[in-house]
Amino acid sequence: MQIQVTVDGQQRVDEVEPRLLLVHYLRERVGKVGTPVGCDTSNCGACTVQVDGQTVKSCSLLAVQADGTEVTTIEGLANGEWHQVQTSFKECHGLQCGYCTPGMIMAAIDLLKENPDPSETQIRDGLEGNLCRCTGYHNIVKSVQHAAAQGGAR
Amino acid sequence: MTATEAAPQARQKSVGQPLRRKEDARLVTGKTNWTDNIVLPGMLHMAVLRSPMAHARIAKVDVSAALERPGVVAAYSGADLGDKNVGALCVWPVTDDMVMPPHLALAVDKVRYVGDAVAVVIAGDRYQAADALEAIEVDYEPLPPVLDMRAALEDGSTAVHDDPGTNKCYTWKFGNGDYEAAKAKADRVFTRHYVNQRLIPMAMEPRSVVAAPTGPDGDVTLWSATQIPHIVRVLMALTTGIPENKIRVIAPDVGGGFGSKLQFYREEILAVQIASMLGRPVKWTETRSENAQVTHHGRDQLQEIELAVTNEGKILGLRVDLLANMGAYLHIITPGTPLLGAFMFNGIYKMDALDFTCTGVFTNTTPTDAYRGAGRPEATFAIERIMDDLAAELEVDPLELRERNWITHEEFPYTSINTLEYDTGNYEAATARAKEMFDYDGLRREQQQRREAKDPVQLGIGVSTFTEMCGLAPSRVLSSLKYVAGGWEHATVRVLPTGAVEVVTGTSPHGQGHVTAWSQIAADALGVDPDAVSVIYGDTATSPYGMDTYGSRSLVVGGMAVVAAAERVVDKARLIAAHMLEADPDDLEFVDGTFGVRGSPGSTKTIQEVAFEAFTAHNLPEGVEPTLQANSTIDPSTFSFPHGTHLCAVEVDTETGMSKIRKYVCVDDIGNVVNPMIVEGQVHGGLAQGIAQALYEEAVYDDAGNLVTGSLVDYLVPAAPDLPFFDTDRTVTPSTTNPLGVKGVGEAGTIASTPAVVNAVVDAVRQFGVQDIRMALTPERVWRAIHESGSTGGERAAEGTVVYGGAATESTAGGAQ
């Protein structure tokens, strides 16, 4: 099937198998390898991207379902300068190995968009769909608090 | 080097500063280099057919139909691979009579666990390879699965390995002092049986390998998501017969390991062999369910622990008898992993006798091996659990009982009953600080009030005062334990002609932040800015010597090699600078990157100027070679012994069995620190994994040997709502075993936290006659322990998935710093 997708601002037309997952399309056809795959069951959230501004786990969507949409990955987030959430994750040591980080940052941006001044509990609940094995979430929550304080909802 | 005290404008030391990580710019923008990102011209994809049975004879494997499937280039059974079907290796034969069965890349005679590799398909893309697996025909003749360790050791049990027909892998004994004499002197002998359940490491990045033939003479390059590229290279050469100098192993960005990537895996062998045979690159990336099934597991011990004590609670002797589950095969350090705990069961306590026995047992389960802490969390769990149980029995405060037995700070260095010399420590100081942060007395009062009020939500307080040994390892110690390699580490430091600095390290980071920390160390030694330093690692072509990263060793061994190499660079630079300045080298001082002649203020050369002089080599002193670089290989003389006091308050709802961590305080003493921000992060992550063992995680097999916790749906890796903020602090008692006075931190949180949490839950419900609850402390188990007399909560329903939700935690003060 032919799909037309805008990925990180770049318009594309591609022939894809109907069964191709969006994440595999992004990684293997578009070369957006900044978005990793962490599980087969949509539990870990490492592959989180935005589709038409909505946060989506790209392993749980087929590429053909993204036809006609605009997809933003971690690689398309920085627009000349980093998004505040990216800055805050570095500043607050909100990452270690970095594998969950793209998805965690995308989820955090969505969370702050919905709620620019979240409580600790709201942050933890808002990130429930994204797993991290390195940080114990302590500094991830701190990063989101930091981003919120800096007006990170953007 | 010499330093001028109180130099007016001395640059600030970088070591000790919370420098933001140099790694992060790439990681937060997606400019990453995970192994699975790699695409090479003509690259093929491998998929592995895995056994659906825990134990069966293989009557037939026929891959021919798979070859007809679209895109398939090749397919092989173990027999098809013939002499290329070589075995993975175990490098730790812990006893002379240890049973070390073959562990071929593809099983040929029997399958021995669900997930055992039987055949492979090589195809044009990963979808085609996975599709074609179903066309492979395998006839299995089922055998009874061996799952229970005690049953496995009984006469007449089915054997996982036909030769020698017994499931006992080894029995290893260690002791010091006369335990029977200690027992005879004791007022009481206090025995407990604990279960340290099986865990799945679950690094966020699944394993991935790419093997590519890279030259006309059989050269091969292997990219692998591994913690140990250097060790993989050696083992690949030993197993495949490919000369070591034709093998290059690269560990690109590696997304967490926690021990699970401290391994030499079958898929690495298969990719290299098949890529070499086909002359094309081959990639394999595991799915998460493959990761759960075949990437090695951790823990899994049945522990009998016994203390011979006086009525005052003075420990006279300690006896430990372990059954340790090896799983179906021996991976590289499977048998040795529980033995690393042999030296940790005595913890921080003084005693006259230690008697340790461990029996390794084969079962039809995924092989076990090192998982964060590797033997030390299991040991610390048992000793810290029994200390709280003993305190309850003797009706003394658990911290008071510990104080009666621990090594006091004046007694260091202290040769412990485990025969190792503990370098430094101050258990009193860490405990005092932890009590203060925790409001220990206040929480004890509240606990008493809730008990008296018969509050349905009871409060429990758990203690863990741990030590651990860091810095694997002095090679002579490894030799005495029959480990077949050394524990040294290598570094090269170069000042390039333009003054930029390169540090080459044999450690292999996978999330810790070595690039930042090693830059800080080199920056201080050479008097340059950390940003002027780059760190080269994880590629056997560019960092040819190393023993890699595990066991909290990188800084205490690898970091010291950086220090030593940098000092040698300064020593050489001093000779060249002296020649340039026409001065005696002994008259030079080296401050903030500049050599100056004492008493002659204007006469200076920067290390960058010296580097350029070393490069042009136009005017070097007699006997000094061009280039400004030096190597160092450090073999540590001993371990270092970090320690800490962890206090956990848990609220247990006695009506639902739900446990909520209310407050978690830890005060760790890891000596001096290079980067306190990174240290803090290591502690947080370690705590999360240790708390997860206590409350959430458990690998469960059903009666047929199926792993029922085989995905992130069923295996409860905690999410953000399942964990609290941690209240952390440090005391600083510098190590005396290395020039920076550092200890090691990567595993501390994991080692200490599990017993603190379980002790807290048991403390909350001990009043109902509960002595122990099996981990993971699900609400169901806690409820059963409270409501079913004499229960420890029982087995988890093996056929079920995880039916409980995570225990949401209240936030505490929000963490120190």
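About the cut-offs
Residue indices follow the written sequence of each chain, beginning from 1 at its first position. Whichever chain is written first becomes A and whichever ligand is written first becomes 1, with later ones labelled in order. Where local features are concerned, this predicted model is filtered to residues with pLDDT of at least 70; where side-chain atom pairs are given and counted, the filter is 80 or more; whole-chain, interface and lining totals use all residues. Think of the side-chain values as coming from all heavy atoms in the structure, minus any hydrogens and water. Secondary structure elements follow DSSP: runs of H or I no shorter than four residues count as helices, runs of E no shorter than two count as strands, and numbering proceeds from the N terminus. Radius of gyration here is computed from C-alpha atoms only, and the compact-globule reference equals 2.2 Å multiplied by the residue count raised to the power 0.38. Residue exposure (1.4 Å probe, protein chains only): buried if accessible area is under 20% of the type maximum, exposed if over 50%, otherwise partly exposed. Contact criterion: two residues are considered in contact whenever any of their non-hydrogen atoms come within 4.5 Å of each other. Computed with the Shrake-Rupley method and a 1.4 Å probe, the accessible areas treat only the protein chains shown as cover for residues. For two strands to pair, DSSP has to find at least two bridges joining them. Note on geometry: axes are C-alpha line fits, over the in-contact stretch for helices, and angles between N-to-C directions span 0 to 180 degrees. For this analysis, a polar contact is any N or O atom pair within 3.5 Å, provided that within protein one partner can donate a hydrogen and the other can accept it, and provided that sequence-adjacent residues contribute only side-chain to side-chain pairs. Working definition: roughly parallel below 35 degrees, roughly antiparallel above 145 degrees, roughly perpendicular at 65 to 115 degrees, and oblique for all remaining angles. Crossings are assigned a handedness: left-handed for a near helix turned anticlockwise from the far helix by less than a right angle, right-handed for a clockwise turn. Amino acids outside the nonpolar list (Ala, Val, Leu, Ile, Met, Phe, Trp, Tyr, Cys, Pro) and the charged list (Asp, Glu, Lys, Arg) are all regarded as polar, and Gly is one of them. Paired rings are identified among Phe, Tyr and Trp, the last through its six-membered ring, by centres lying within 6.5 Å, and are further divided according to the angle between planes into stacked (under 30 degrees), edge-to-face (over 60) and tilted (the rest). By definition, being over a ring means that NZ of Lys or CZ of Arg is both within 6 Å of the ring centre and within 35 degrees of the ring normal. What fixes the domain bounds is an automatic or database domain assignment. Buried area is understood as the total, over both parts, of accessible area removed when two parts are fitted together, assessed with a 1.4 Å probe.

Comments concerning the overall build of chain A
Stage number 1. In terms of regular secondary structure, chain A is built from five helices and five strands.
Stage number 2. Starting at the N terminus, the α and β elements of chain A follow one another as β-β-α-β-β-β-α-α-α-α.
Stage number 3. Taking 154 residues into account, the globule formula puts the C-alpha radius of gyration at 15 Å, and chain A, at 15 Å, falls close to it.
Stage number 4. Dimensions of chain A, computed from C-alpha atoms along their principal axes, come out at roughly 45 × 30 × 25 Å.
Stage number 5. For chain A, buried positions account for 58% of its 154 residues.
Stage number 6. Restricting to contacts in chain A with at least 6 residues of sequence separation, those with at least 24 account for 59%.

Points about the overall build of chain B
Stage number 1. Tallying secondary structure elements over chain B gives 21 helices and 28 strands in all.
Stage number 2. For chain B, the C-alpha radius of gyration of 28 Å lies close to 28 Å, the compact-globule estimate for 817 residues.
Stage number 3. In chain B, buried positions account for 66% of the 817 residues.
Stage number 4. Taken as a whole, chain B presents about 26,800 Å² of accessible surface, with 50% of it coming from carbon and sulfur.

Let's talk about the sheet that holds strand S10 (residues 220-224) of chain B
Residue and element names in this part refer to chain B.
Stage number 1. With respect to topology, seven strands assemble into an open sheet ordered S3-S5-S1-S12-S9-S10-S11, the strand pairing being mixed. The open sheet terminates on both sides in strands that have one partner only, identified here as strand S3 (72-77) and strand S11 (247-250). Neighbour-to-neighbour, the strand axes of the sheet open up by a mean angle of 20°, direction not taken into account.
Stage number 2. Of the pairings in the sheet, the one linking strand S1 (residues 44-50) to strand S5 (residues 117-123) comprises six bridges and is antiparallel in character. Bridging from a neighbouring strand, Val 48 pairs with Val 120 of S5.
Stage number 3. Running at roughly 30° to S1, helix H4 (residues 126-133) makes contact with S1, S3, S5 and strand S12 (282-285) of the sheet.
Stage number 4. On the sheet, helix H8 (residues 266-278) packs against S1, S3, S5, strand S9 (208-213), S10 and S12 and is oriented at approximately 25° with respect to S9.

Brief notes about H4(B)
Stage number 1. Buried within H4(B) are the following residues: Arg126(B), Tyr127(B), Ala129(B), Ala132(B) and Leu133(B).
Stage number 2. On its buried face, H4(B) is in contact with helix H1 (22-29) of chain A together with S1, helix H2 (64-67), S3, S5 and S12 of chain B.
Stage number 3. Its side-chain oxygen 2.8 Å from the backbone nitrogen of Tyr127(B), Asp125(B) forms the N-cap of H4(B).

A word on the packing of helix H2 (residues 84-91) of chain A against helix H3 (residues 101-114) of chain A
Between two packed helices, the angle of one axis relative to the other and the distance separating the axes together describe the packing.
Residue and element names in this part refer to chain A.
Stage number 1. Viewed as axis vectors pointing N to C, H2 and H3 meet at an angle of 125°, and their least axial separation amounts to 10 Å. Taken together, the axes of H2 and H3 lie oblique to each other. By crossing handedness, the relation of H2 to H3 is classed as right-handed. Within the contact between the two elements, H2 uses Val 85, Gln 86 and Phe 89 and H3 uses Thr 101, Met 104, Ile 105, Ala 108, Ile 109 and Leu 112.
Stage number 2. Across the contact of H2 with H3, the residue classes tally to seven nonpolar, two polar and no charged.

Observations regarding the packing of aromatic side chains
Stage number 1. Evaluation of the coordinates by the stated rule reveals 16 aromatic pairs over all chains.
Stage number 2. Between Phe590(B) and Phe595(B) the ring centres are 4.4 Å apart and the planes differ by 35°, which places this aromatic pair in the tilted class. A single burial state applies to Phe590(B) and to Phe595(B), both of which are buried.
Stage number 3. One aromatic cluster in this structure is built from Trp172(B), Phe174(B), Phe343(B), Phe345(B) and Phe356(B).
Stage number 4. Positioned above the aromatic ring of Phe725(B) is the side chain of Arg124(A), whose terminal nitrogen or guanidinium carbon lies 4.9 Å from the ring centre.
Stage number 5. When the ring centre of Tyr329(B) is taken as reference, the NZ or CZ atom of Arg266(B) above it lies at 5.1 Å.

Considering the domain arrangement of chain A
All names here are of chain A.
Stage number 1. Along its sequence, chain A is organised into domain 1 (2-76) and domain 2 (84-149).
Stage number 2. At the interface, 17 residues of domain 1 touch 13 residues of domain 2.
Stage number 3. Carbon and sulfur atoms supply 56% of the area that domain 1 and domain 2 bury against each other, a total of about 1,100 Å² over both sides.
Stage number 4. Our count for the domain 1 to domain 2 interface comes out at six residue pairs in polar contact (both at pLDDT 80 or more).
Stage number 5. Broken down by secondary-structure element, the contributors of at least two residues to the side of domain 1 that touches domain 2 are strand S3 (48-51) and strand S4 (54-57).
Stage number 6. Counting residues per element, the side of domain 1 that touches domain 2 draws most heavily on S3, at three residues.

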